[in-house]
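Examination of the molecular architecture
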Amino acid sequence: MLAAKAHWLTTASCSLMAAFTVMATAPPRRPGGASDNGHAELKRHVEELTTRVRALGDLSSDEQQAAMTAIAGALDEKLRTQNDWEERALYPIIDARTTCAGVAMSAVMKIEHARMAQSLDVLSELARAPAPDARRFSQVFERLVGLLLGHLEVEDRALLPLLEPDPGAARGSPPGEVCTRSKQGEVRP
Ligand SMILES: [Fe+2]
């Protein structure tokens, strides 16, 4: 009788813990309330800006400077807001659920965010320069967009699926566990 009660209590507490794990790791919503991860909107925004950057050569020097200032400002606001939100709201959840080889899954993503921030700084500097250099501005912009699109692809395919309520279930892992280090220090995928 006592053993049966203990078994029931253990089962009930495990179920509760699993439920809390799922609740705690449910994908957070963006500050604006959108239920998606913001990538589609960001890609649309970048596409519009790319069209404007590729038309810089048709503008006068004064027009170029105004356009470069507007483009750098618009991209800066959108991209930093998205990256800050990911680092505050998404990556901590992913890192808490993935302890593969003791390395945070978001580490490379954060390095890429930092590289994007450096490129945004360069774009702002180029837009503020007394003599606009539209060619250099376009090069830095295109490189940044290349980095960003590859980055979003990795997040979409490899990282964000880890925010699903229980990605480990399909492979028989305990709730909330995607991979762990075994007692011998070997990684179990
Ligand atoms: Fe990101």
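Rules used in this analysis
- Residues numbered from 1 in each chain as written.
- Predicted model: local features only at pLDDT ≥ 70, side-chain atom pairs only at ≥ 80, totals over all residues.
- Helix = DSSP H or I, 4+ residues; strand = E, 2+ residues; numbered from the N terminus.
- Buried ≥ 20, exposed ≤ 12 C-beta atoms within 10 Å, placed from the backbone.
- Contact = placed C-beta atoms within 7 Å.
- Expected span 1.5 Å × (residues − 1).
- Axes fitted to C-alpha atoms, helices over the stretch in contact; angles between N-to-C directions.
- Parallel < 35°, antiparallel > 145°, perpendicular 65-115°, else oblique.
- Left-handed = near helix turned anticlockwise from the far one by under 90°.
- Nonpolar A, V, L, I, M, F, W, Y, C, P; charged D, E, K, R; others polar.
- pLDDT = per-residue confidence, 0-100.

**Topic: the overall build of the protein**
Broken down by element type, the protein carries 5 helices and 2 strands. Across the protein, helices and strands are ordered from the amino to the carboxyl terminus as α-α-α-α-α-β-β. Counting the 189 residues in the protein, one finds 19% classified as buried. Contacts in the protein between residues far apart in sequence, at least 24 positions, make up 67% of those at least 6 positions apart.

**Some details on helix 5 (residues 134-159)**
The end-to-end C-alpha separation of helix 5 is 35 Å, in line with the 38 Å expected for 26 residues at 1.5 Å each. Buried residues along helix 5 sit in contact with helix 2 (39-54), helix 3 (61-97) and helix 4 (107-128).

**Topic: the packing of helix 4 against helix 5**
Axis separation between helix 4 and helix 5 bottoms out at 10 Å; the angle between their running directions is 160 degrees. As judged from the angle between their axes, helix 4 and helix 5 are roughly antiparallel. Here helix 4 and helix 5 pass one another in a crossing that is left-handed. Between helix 4 and helix 5, the contacting residues are Met-109, Glu-112, Arg-115, Met-116, Ser-119, Val-122, Leu-123 and Leu-126 on the first element and Arg-136, Phe-137, Val-140, Phe-141, Arg-143, Leu-144, Leu-147, Leu-148, His-151, Glu-155 and Leu-159 on the second. Counted by class, the contact of helix 4 with helix 5 contains 12 nonpolar, 2 polar and 5 charged residues.

**Overview of the packing of helix 2 against helix 5**
Across the interface, helix 2 lies against helix 5 with an axial gap of 11 Å and an inter-helix angle of 160 degrees. The orientation of helix 2 relative to helix 5 falls into the category roughly antiparallel. The element helix 2 and its partner helix 5 pack so that their crossing is left-handed. Residues His-39, Lys-43, Val-46, Thr-50 and Val-53 of helix 2 lie in contact with helix 5, whose contacting residues are Ser-138, Phe-141, Val-145, Leu-148, Leu-152 and Asp-156.

**Focus: the confidence of the model for the protein**
Residues with a pLDDT of 70 or more make up 66% of the protein, whose mean pLDDT is 78. Ranking the helices and strands of the protein by mean pLDDT puts helix 4 first, with 97, and helix 1 (residues 2-24) last, with 41. Counting contacts from residues 1-24, a segment whose pLDDT is below 50, to residues more than four positions away or on other chains yields 6 contacts.

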